[in-house]
Amino acid sequence: MTERAIGIDLGTSNSVIAVIDRDGMPRILTTEEGSTMMPSLVWYTSDGPRVGDAARPGLDEAPDLTIFGAKRLLGRRFDHPEIRRLARLLPYELVEAPNGDTWIQLSAGKAVSPEEVCALILRELRRTAEAFFKAPVTKAVITIPAWYDAAQRQATKDAAQIAGLSVMRLLSEPTAAALGYGAHRGADCKYLVCDLGGGTFDVAAVDVAKGVFEVLATTGDPFLGGDDVDRAIVEHLVRDVRQTRGLDVTMDAIAVEKLRLGAQRAKHELSTHQHADVQIPELAQLPSGKAVEYVKRLARADVETWAASTVERLEAPICEALARANRTPDEMQDILLVGGMTRMPTVRREIERVLGRAPSVIENPEEVVAVGAALEVARLQGAISGILLVDVAARGISVSRGQGECERVIHQSAVVPTREHRVFPSRMDNQARLEFDVWEGESPTPAENRHLGRYAAVDLPEAVAGDVLVLLELTLDTDGTLRLGATEMVSSERLQLEQVFHAGLSRADVSRLARQLAEGS
Amino acid sequence: MAPSRTLHVRLGTWDQVEVFATKKLRRGKLLSMKVPFAAEAGGKLTLGLELPNGVVIAIDSIVQKTSPVDGTQSSGKTWIELELTGFTPEVVERIKKMQAGLEHGTPTSAAVPVPPVGKEDSSPTLTPANTPPPVAELAPRRRTNNSMAPLQVPPPTDERSQFQELTTELRRMRTLAVHEVLGVAPAADANEVRAGWMALVQRYHPDLYARFAAPAITHLAEELMILVNRAYDRLRLALVAEGRALSAGSVLHQPPGWLVGWDDIASARADGEPTRPRMASSQMPPLSLTTAQTAPPASAVQGGEAFEVRARAMLGEGNPDNAQEVLAAALCVYPRSRPLRSLYYVASALGAIAKGEVMLATSQLETALAHYEQCSEAAALLEHVRRTGTVETSEMRRLFT
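Thresholds, definitions, all that
Residues numbered from 1 in each chain as written. Chains lettered and ligands numbered in written order. Predicted model: local features only at pLDDT ≥ 70, side-chain atom pairs only at ≥ 80, totals over all residues. Heavy atoms only, no water. Helix = DSSP H or I, 4+ residues; strand = E, 2+ residues; numbered from the N terminus. Buried < 20%, exposed > 50% of the residue type's maximum accessible area, 1.4 Å probe, protein only. Contact = heavy atoms within 4.5 Å. Areas by Shrake-Rupley, 256 points an atom, 1.4 Å probe, with all protein chains shown as cover. Phe/Tyr/Trp six-rings, centres within 6.5 Å; stacked < 30°, edge-to-face > 60°. Lys NZ or Arg CZ within 6 Å of the ring centre and 35° of its normal. Pairing = 2+ DSSP bridges. Axes fitted to C-alpha atoms, helices over the stretch in contact; angles between N-to-C directions. Core = buried A, V, L, I, M, F, W, Y, C linked by side-chain atoms within 4.5 Å. Expected span 1.5 Å × (residues − 1). pLDDT = per-residue confidence, 0-100.

Q: What exactly am I supposed to notice about the overall build of chain B here?
A: Tallying secondary structure elements over chain B gives 13 helices and seven strands in all. Going through the 401 residues of chain B one by one, you find that 47% of them count as buried. Contacts in chain B between residues at least 24 apart in sequence constitute 62% of all its contacts with a sequence separation of at least 6. Summed over its atoms, the accessible surface of chain B is roughly 19500 Å², and 56% of this surface lies on carbon and sulfur atoms.

So, in structure tokens, the structure goes:
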């Protein structure tokens, strides 16, 4: 039986799988429940994790064990200000991993990495696809936000590897959207893609000329999305509960979670209707044991007022993307709105106001990214020809030695794949190891960059100081992940690189987790 | 001396062919060169002239003069002067034809078609206006044609020959300079660089080889792509730094408007700063309309003097808006020049005064002084504006002329 490959849109709140049929038509695979989207949820129950729709009850029953939005935590440092903010808001607990990454605390002494959570989601998606094909699925194209840094890209790859999927390509979501929307249209076009999903906002200027897709500029807000609107609604509902029922539910995580679900449902309904009801049969219990029912009618206008502070934040990334692409809104030939949140009328209005023109209407804003990923699969398998994607490095890569300043090696917007090198002479006689740090970012001050890892070239030959020259090669591959290689220049021998510190999981961890997950299933 | 001795002369680009024909040869026939053997006057030599398209032309020659290098025979090296008897007008004609023929096949700018598109597709309409028309004579051509352009034949389909082709190509490209990798002239402009890169992307992008599912081939393609991308990035950064191109993401395009013509100022700099070698004055495109008239003053400090002179003239004519535009463009090129910055704000202030916005004008003049304290015009104008609240045209003339 042949092994199949799928396109995955791994979203903050929902994930979508798409494949290209034999007749060349993209098809969205449905879950067992018949939905085209699978919620990106994992509920760690006492008898193993439940994923997707099966984990939905967990949001009500055990919010501290039901992980949603793990994508936002992927490859993030625990001391990142937005993580600090999220840590206060999320019903589950975040902890700092030994290497400074963000992990999720499930119970005392048990913490999981976001990679493992995402791996469970990916495995569930893989199972869905395998049920559809009745054949093993081993490869996938996974979409990621364009602003993902090297650590986050690596974390996504690790998650896929744990789930038993080899990543054919990490595809940036705006590019995927342009591909999914524009590939069959064929004509040359200049797209502006605005992707507002559950947790992230991406803007990209994508040019298509003679089948070559080029990203001119990408900007975004990694912590702006539908969740923020949900939270704004919940805040008002909590206040309303206090005023009308005399109950303070702010400390009641379960009640807040129920309100969040109700708010989300109402928000979806308000995209098409002027009014929607939030109905929660058992919001909380009175001391007497009597359940409190909560019903509230929400008007679209009210929700739009509450969401205004979120919607306002859309303008800056859009303007910045246009400025970086040297374009005016009129020069963009097509404006694509992607992601479920763009169904919200106020979001559409705001984007229209900023750009001064109406965006294109896409029938399936949630699915077009997955379709793009599926087209990428077909393209890499040679089923589609005439399309090429050209991408650039989202951020520069710098290298520093000891306490010194960072030196830029790969500059921002270098076309990937690319490779640059630096030569480090030894500083002491008979120096056996030479340590250096790799950073993402172009600032000379290390603190302003993202630390990707500290590495050491070991087993250097014995020589006086300065006679050993280590040639360090940094390769940024097509996925935007970084590979390192070191050579001793005098003997031109490959040197072993030892990871002293590194962001994300280690190779050993990844293969161990992958084995565990494979055995568990 | 063996009469059958052949000297192999390799000319990698058509530029080199031109240089050979025009500069190296004296009176069209005589060639001086150093050879690693002792030669005698009157002896015969054959020159194997390898052209960029791989054709080798044998040219008979007679040694006219010899003189040993270092004055001794022991080194074995000799300076000789050859008379190329075989370099007849017919041969020259043949070379020209070959060059013209190649030009027709690979236009420098139009993207090289992907396999299914044939040679005949590269119609002249695809070439941008700046590409010179295919000319037959050797001498006046400036831009080289592209001997490094990817082959026009469709890539082989079987893995083995694919592997071999990529290996050969990689080995060849590793020895080339960045502009040679992209197959463009050293002084190529943004459009040419981008076209050269795009053609190679469409040929060697690793994704095009993913269907072989052969790691070795994908790896080779990736290595090739790394070389190509790096060459593109180097040239791209250089062009952007020179102000000859704008870049967004991987896209490179020429700056709009008259800024394209500022080369002449750079080359005519009076100070000791080295002018860019690729902008030798003989290779200058015709001077653009707007910057041609102004001669840069001798007291060059931070560059952009021609702009300054021009802007001052405009300010003197009472045309602050145009001056501001000129200065804005100048600042793209010389962003660090303090006099230009202050003058920009002065122009902005004068524009504000013309519209009666005295408050704005004052703040702009103050900004001008903050950027460059020695800006006497700004100081004088500020003084004047504070006193009278407006500026007379005569006052402006006095300041700027």
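Read on, since the account is not over.
Q: Mind showing me how you'd approach the packing of aromatic side chains here?
A: Residues and elements named next belong to chain A. All told, the structure shown has eight aromatic pairs over all chains when counted by the stated rule. Between Phe68 and Tyr92, the aromatic rings sit 5.7 Å apart at their centres with planes inclined by 80 degrees, giving edge-to-face as the arrangement. Of this pair, Phe68 sits in strand 7 (residues 66–68) while Tyr92 sits in the loop between helix 2 (81–89) and strand 8 (93–96), and the two are 24 residues apart along the sequence. Classification of Phe68 by relative accessible area gives buried; the value is 11%. Their ring planes at 65 degrees and their centres at 5.2 Å tell us that Phe132 and Phe133 sit as a pair that is edge-to-face. Given a relative accessible area of 34%, Phe132 falls into the partly exposed group. Clustering of aromatic rings is evident, with ring pairs tying together Phe424, Phe436 and Tyr455. The ring of Phe78 carries the charged tip of Arg84 above its face, separated from the ring centre by 4.6 Å. Its guanidinium or amino end placed over the ring of Phe68, Arg260 lies 4.2 Å from that ring's centre, counting from NZ or CZ.

Q: Teacher, can you tell me more about the sheet that holds strand 15 (residues 212–221) of chain A here?
A: By definition, the strands of a sheet pair up through backbone hydrogen bonds, in either a parallel or an antiparallel sense. Taking strand neighbours across the sheet as the criterion, the six strands line up as 18-13-14-15-19-22 (chain A) in an open arrangement whose pairing is mixed. Each edge of the open sheet is held by one strand with a lone partner, namely strand 18 (334–338) and strand 22 (415–416) of chain A. In this sheet, strand 14 (residues 201–209) of chain A lies alongside strand 13 (residues 189–196) of chain A in antiparallel orientation, the contact comprising eight bridges. Each bridged residue has a counterpart across the sheet, and for Leu192 of chain A the counterpart in strand 14 of chain A is Ala205 of chain A. Along the sheet, helix 11 (residues 368–380) of chain A makes contact with strand 13, strand 18 and strand 19 (388–392) of chain A, crossing strand 19 of chain A at roughly 110 degrees. Of the strands in this sheet, strand 15, strand 19 and strand 22 of chain A touch helix 5 (residues 190–204) of chain B, which is tilted by about 100 degrees from strand 15 of chain A.

Q: Help me out: how do you make sense of the nonpolar core in this one?
A: Counting 58 residues, the largest nonpolar core has Ile6, Ile8, Ile104, Val117 and Leu122 of chain A as the members making the most contacts within it. No other element matches the nine residues that helix 3 (residues 114–133) of chain A contributes to this core. The contacts of Ile104 of chain A, once residues within four sequence positions are left out, are Ile67, Leu73, Tyr92, Glu93, Leu94, Val95, Lys110, Ala111, Val112, Pro114 and Val117 of chain A. With 51 residues, the next largest nonpolar core counts Ala266, Leu270 and Ala284 of chain A together with Ala248 of chain B among its residues.

Q: Looking at this model, I keep getting lost on the pairing of strand 8 of chain A. Mind explaining?
A: Side-chain positions along a regular strand alternate between the two faces of the sheet. Residues and elements named next belong to chain A. Pairing analysis gives four bridges linking strand 8 to strand 9 (residues 102–107), with the strands arranged antiparallel. Each bridged residue has a counterpart across the sheet, and for Glu96 the counterpart in strand 9 is Thr102. Linking two consecutive strands that pair antiparallel, namely strand 8 and strand 9, is a turn of five residues; a positive phi of about 90 degrees is found at Gly100 within it.

Q: Please explain helix 3 of chain A as it appears in this structure.
A: Because each turn of an α-helix spans 3.6 residues, side chains separated by three or four positions in sequence point in the same direction. All names here are of chain A. Relative to the 28 Å expected for 20 residues at 1.5 Å per residue, helix 3 spans 28 Å between its end C-alpha atoms, a close match to the ideal helical length. Among the 20 residues of helix 3, 16 are classified as buried, and the element is accordingly described as predominantly covered. Lys134 sits one or two residues past helix 3 and shows a positive phi near 55 degrees.

Q: Help me out: how do you make sense of helix 6 (residues 215–242) of chain B in this one?
A: For helix 6 of chain B, built from 28 residues, the straight-helix expectation of 40 Å at 1.5 Å per residue is met to within 8% by its first-to-last C-alpha distance of 40 Å. Positive phi shows up at Gly243 of chain B, right after helix 6 of chain B, with a value of about 80 degrees.

Q: What's the story with the confidence of the model for chain B in this structure? I'm lost.
A: For residues with low pLDDT, the predicted coordinates do not support detailed interpretation. Residues and elements named next belong to chain B. Averaged over all residues, the pLDDT of chain B equals 70, while 68% of them reach at least 70. The secondary structure element of chain B with the lowest average pLDDT is helix 7 (residues 263–267), at 37, and the one with the highest is helix 5, at 92. Across residues 103–153, where pLDDT falls below 50, the model places 82 contacts with residues more than four positions away in sequence or in other chains. Below pLDDT 50 for its whole length, residues 257–301 participates in 63 contacts with residues either more than four positions away or in separate chains.

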